[in-house]
Number of protein chains: 2
Amino acid sequence: MNENFNKSLENIRMSPIVTISEEIRKQAPVFKEKTGQDFILFQRGEIDFPTPEYIRNAAKKALDDGFTKYPKSGGEAVLKDAILGKLERFNKATGLTRENIVTTYGGQEALELSFKLFEGKKGAGFAPTWSVILENFIPYSDIDFTEVPLNKDFSINFDAIEKVAKDISFFYLNTPQNPTGKLFTKEEVIQLVEICRKNDVFLISDEAYEKVTFGGKEHFSPTSLEYDNIISTFTFSKSYSMTGWRLGYLVTRNERIPKLLTMGNYTQTAGVTTFMQYAGKEALDNIEAEEKAVSTMVEEFEKRRNLLYKGFQSIDGIELTKPDGAFYLFPNFSNFIPNSVTGSERNTYIYKKLLDIGVAAVYGSCFGHHFVDNVRFSFSTTPIPVIEDGIERMQKLFNSL
Amino acid sequence: MNENFNKSLENIRMSPIVTISEEIRKQAPVFKEKTGQDFILFQRGEIDFPTPEYIRNAAKKALDDGFTKYPKSGGEAVLKDAILGKLERFNKATGLTRENIVTTYGGQEALELSFKLFEGKKGAGFAPTWSVILENFIPYSDIDFTEVPLNKDFSINFDAIEKVAKDISFFYLNTPQNPTGKLFTKEEVIQLVEICRKNDVFLISDEAYEKVTFGGKEHFSPTSLEYDNIISTFTFSKSYSMTGWRLGYLVTRNERIPKLLTMGNYTQTAGVTTFMQYAGKEALDNIEAEEKAVSTMVEEFEKRRNLLYKGFQSIDGIELTKPDGAFYLFPNFSNFIPNSVTGSERNTYIYKKLLDIGVAAVYGSCFGHHFVDNVRFSFSTTPIPVIEDGIERMQKLFNSL
């Protein structure tokens with residue numbers, strides 16, 4: 001009986017960002033031949049720093065120490081203890097034990113498993129939303145998802161949340177946020193958690209960019225609060241330039257969830273690579289090396305943010321709120337798009353103009369139904385001179401539109 | 001609206017083998033104090049060899065070469081090419097390309113994704129069956145699973161398969177098989193594939209133990225045949241003592257499945273750790289080092305098998321077919337269990353007698369509804385002197401029953 005496969009697998013869509021990157025790969029040589037110039041890659045979420053040496057060394061040592069046997073279900077005790085230390089030091093989250101933690105393959109598996117908890121149910125999150133939520137986790141778990149648009153300056157419309165909160169099982173928060181760079185304040189997070197508590201709604205809190213904050217501002221983790229029904233997901237990817245390692249974890253005060261998601265993680269992958277967990281422990285526990293590695297990276301990101309932000313400010317008509325975290329800018333280009341341009345043509349209007357000048361970025365409709373006149377610029381792989389070149393090209397382009 | 005979580009997650013059960021290992025951990029010190037003797041651990045699927053140095057070195061080199069960035073969706077080209085070489089050399093599977101392969105976190109994720117394809121549908125497989133199929137993959141994908149018992153000597157009852165084949169979407173085959181050590185012959189595999197072809201049934205072929213075969217006998221992979229609807233899953237765990245790495249892959253001639261399962265793998269984990277894939281390439285491509293590492297391990301396993309098999313043969317009343325692969329023996333103890341002992345008491349009757357003499361093994365009902373009078377003995381972590389000790393203890397026990 002040959003038939004259709006599982007609908008939830010069939011419904012997963014290829015991330016449009018991957019499609020964009022493939023398009024760039026084709027267009028870049030053509031552009032180079034025509035203009036002599038390289039494409040400027042503002043579309044990627046990759047990081048151009050190597051993984052710090054102290055973490056690579058810890059992985060090598062673990063390999064030689066024989067940590068190549070099956071991992072412990074839910075995570076090695078040494079890594080969990082290091083995570084507890086980091087939660088207390090950095091996230092001000094206390095009163096947690098090993099039983100509150102599940103180690104995963106990146107923030108990705110932590111989020112995927114969290115969404116799986118609510119398979120077939122209703123959820124909501126802010127628009128714009130990270131594309132993997134929309135293209136992958138929602139179809140894979142068959143979630144009925146409501147996008148609650150942020151205000152134009154990326155502040156929260158709490159009335160809109162109050163309205164949907166009555167009908168949903170969970171709310172998805174990402175702070176600092178992809179694609180806006182919005183760092184939600186302590187007050188905003190507390191108010192959001194209070195709405196969840198009042199309506200008996202779970203909060204899935206994606207804190208992948210927790211260490212990437214600017215101007216002395218700090219990430220506030222909802223897991224520092226005393227509400228049990230929060231799942232905070234974390235990754236080593238962005239803090240330690242470990243995107244290719246796939247190491248992450250989730251933390252929750254809820255008693256049942258770690259047991260269920262340990263089983264989910266075991267079922268999917270039989271646990272996280274043992275020797276990588278020892279490297280993860282060192283990443284967190286070697287505080288001196290950790291602070292140096294993180295600050296070196298974040299200081300460079302802050303320079304890039306400042307430069308790119310100033311660049312957009314120099315162009316009349318671009319509307320933009322300065323981001324306090326992550327490595328994205330998400331300016332609005334409404335003033336440059338004729339009103340007569342609508343629908344899918346409108347979605348890629350600015351994107352295509354940018355391609356013409358050799359600038360790759362991600363158009364707003366990749367992040368949901370709102371903010372389609374915005375475009376995401378990542379500065380995670382673009383050194384300062386490249387950003388300067390990009391600004392020059394864009395100044396010319398938009399001053400002529 | 002606080003409510004129940006996803007039923008398919010709630011229905012996953014902890015492997016009884018984990019429960020057994022926990023029980024042993026508690027009983028071992030008590031047993032030691034009483035008898036001065038150590039527990040003999042025949043219950044584990046772990047391997048007591050370290051990962052070969054040439055593979056660890058390749059991982060270290062990849063770490064330093066900067067292969068710490070996001071992996072390519074579905075797998076790195078270098079690993080896929082190495083897999084294609086191995087498929088051709090070892091499995092005699094030709095006519096395949098990179099597009100037929102998806103790299104995964106171990107054979108585990110390869111199987112889990114394969115089962116996910118058939119979510120909510122009917123499948124079948126031989127009894128006895130690997131416990132993770134029964135406790136994890138079946139509930140997680142909500143499969144209606146029929147156990148088709150092997151004959152007493154672990155040969156196939158083809159009539160029984162013909163009967164269920166009309167009603168199922170897929171058949172699960174594991175060769176060499178856990179827990180019996182049965183290596184299905186070329187003729188048996190071909191006949192099974194013919195039944196699948198005739199009934200339009202997919203074959204999920206779990207070939208985790210492909211390199212662990214004895215007496216000059218060789219594994220036959222169904223993927224060497226020209227039937228498109230076979231998914232063969234492989235792992236580095238058992239061939240190269242890499243259980244804790246979690247590296248594996250699946251191969252199929254079906255055109256749609258690799259696209260779907262690449263998406264599934266991406267959604268669950270964002271792909272397999274990049275630098276590990278380079279180590280996997282070296283594991284397969286360094287043929288000289290590979291053959292030496294595998295043969296050293298398999299020769300030792302064969303000695304252990306021979307010894308343990310001879311030991312059971314020396315005990316009157318134990319019925320056992322000599323296994324040609326994997327690292328398990330699955331003898332039948334019916335002659336030692338009184339007819340009056342039934343139900344769950346019968347399931348653990350021999351297991352408990354063995355615990356009394358400090359011998360840990362896995363009772364047959366962990367592997368399904370049939371073969372409940374059998375017990376699985378793994379020799380993957382038991383050196384020769386330990387096996388000798390175990391045999392002596394069992395000779396004494398069963399000669400007195």
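Rules used in this analysis
Residues numbered from 1 in each chain as written. Chains lettered and ligands numbered in written order. Predicted model: local features only at pLDDT ≥ 70, side-chain atom pairs only at ≥ 80, totals over all residues. Heavy atoms only, no water. Pairing = 2+ DSSP bridges. Helix = DSSP H or I, 4+ residues; strand = E, 2+ residues; numbered from the N terminus. Axes fitted to C-alpha atoms, helices over the stretch in contact; angles between N-to-C directions. Left-handed = near helix turned anticlockwise from the far one by under 90°. Contact = heavy atoms within 4.5 Å. Nonpolar A, V, L, I, M, F, W, Y, C, P; charged D, E, K, R; others polar. Buried area = accessible area lost by both parts, 1.4 Å probe. Salt bridge = Lys/Arg side-chain N within 4 Å of Asp/Glu carboxyl O. Polar contact = N/O pair within 3.5 Å; in protein donor to acceptor, adjacent residues only side chain to side chain. Domains from an automatic or database assignment. Core = buried A, V, L, I, M, F, W, Y, C linked by side-chain atoms within 4.5 Å. Buried < 20%, exposed > 50% of the residue type's maximum accessible area, 1.4 Å probe, protein only.

### Considering the sheet that holds strand β11 (residues 362-363) of chain A
Here comes step 1: The strand order β9-β12-β11 (chain A) describes an open sheet built from 3 strands, whose pairing is antiparallel. Every interior strand has two partners, whereas the edge strands, β9 (328-329) and β11 of chain A, have only one.

### Remarks on the packing of helix α5 (residues 106-117) of chain B against helix α9 (residues 256-269) of chain B
The relative placement of two packed helices is expressed as an angle between their axes plus a distance between the axes.
Residues and elements named next belong to chain B.
Here comes step 1: The interhelical angle for the contact between α5 and α9, taken along N-to-C directions, is 115°, at an axis separation of 10 Å. Considering only the axes of α5 and α9, their crossing is right-handed. Contacts between α5 and α9 involve Glu109, Glu112, Leu113, Ser114 and Leu117 from the first element and Ile257, Leu260, Leu261, Gly264, Asn265, Gln268 and Thr269 from the second.
Here comes step 2: Within the contact of α5 with α9, the residues separate by chemical class into 5 nonpolar, 5 polar and 2 charged.

### Points about the sheet that holds strand β9 (residues 328-329) of chain B
Residue and element names in this part refer to chain B.
Here comes step 1: The strand order β9-β12-β11 describes an open sheet built from 3 strands, whose pairing is antiparallel. Edge positions in the sheet fall to β9 and β11 (362-363), since each has one partner strand and no second.
Here comes step 2: As paired strands, β9 and strand β12 (residues 375-378) are joined by 2 bridges and run antiparallel to one another. What sits directly across from tyrosine 328, in β12, is serine 378.

### Some points on the interface of chain A and chain B
Here comes step 1: Listed as interface residues are 73 residues of chain A and, on the opposing side, 73 residues of chain B.
Here comes step 2: When chain A packs against chain B, close to 6,300 Å² is buried across both sides, 56% of that on carbon and sulfur atoms.
Here comes step 3: Connecting chain A to chain B are 6 salt bridges.
Here comes step 4: Arginine 56 of chain A serves as the salt-bridge partner of aspartate 64 of chain B, at 2.9 Å between the closest nitrogen and oxygen.
Here comes step 5: Where chain A touches chain B, the interface holds 42 residue pairs in polar contact (both at pLDDT 80 or more).
Here comes step 6: Those elements that place two or more of their residues in the side of chain A that touches chain B are α1 (7-10), α3 (53-64), α5 (106-117), α6 (131-140), α9 (256-269) and α10 (274-285) of chain A.
Here comes step 7: No other element matches the 10 residues that α9 of chain A contributes to the side of chain A that touches chain B.
Here comes step 8: Taken together, the residues of the side of chain A that touches chain B break down into 31 nonpolar, 22 polar and 20 charged.

### Quick notes on the domain arrangement of chain A
Residues and elements named next belong to chain A.
Here comes step 1: Entries for chain A in the domain assignment read domain 1 (8-49 + 290-400) and domain 2 (55-286).
Here comes step 2: Placing the centre of domain 1 and that of domain 2 at their C-alpha centroids yields a distance of 26 Å.
Here comes step 3: With 39 residues of domain 1 in contact, the opposing surface of domain 2 contributes 39 residues.
Here comes step 4: Buried surface at the junction of domain 1 and domain 2, summed over both partners, amounts to about 3,400 Å²; 58% is from carbon and sulfur atoms.
Here comes step 5: Summed over the three residues of domain 1 that lose the most area to domain 2, namely Glu290, Asp324 and Phe371, the buried surface amounts to 19% of that side.
Here comes step 6: Taken together, domain 1 and domain 2 are joined by 4 salt bridges.
Here comes step 7: In this structure, the salt-bridge partner of lysine 152 is glutamate 319, at a minimum N-O distance of 2.9 Å.
Here comes step 8: Counting across the domain 1 and domain 2 interface gives 17 residue pairs in polar contact (both at pLDDT 80 or more).
Here comes step 9: Sorting the residues of the side of domain 1 that touches domain 2 by element identifies α1, α2 (16-35), α11 (287-313) and β9 as the ones contributing at least two each.
Here comes step 10: It is α11 that contributes the most residues to the side of domain 1 that touches domain 2, 7 residues altogether.
Here comes step 11: Counted by class, the side of domain 1 that touches domain 2 contains 20 nonpolar, 11 polar and 8 charged residues.

### A few points about the nonpolar core
In globular proteins that are soluble, nonpolar side chains generally tend to be buried together.
Here comes step 1: Grouped together as the largest cluster of nonpolar side chains are 140 residues, with contacts concentrated most on Leu354 and Phe377 of chain A together with Leu354 and Phe377 of chain B.
Here comes step 2: The contacts of leucine 354 of chain B, once residues within four sequence positions are left out, are Val359, Ala361, Val375, Phe377, Met394, Leu397 and Phe398 of chain B.

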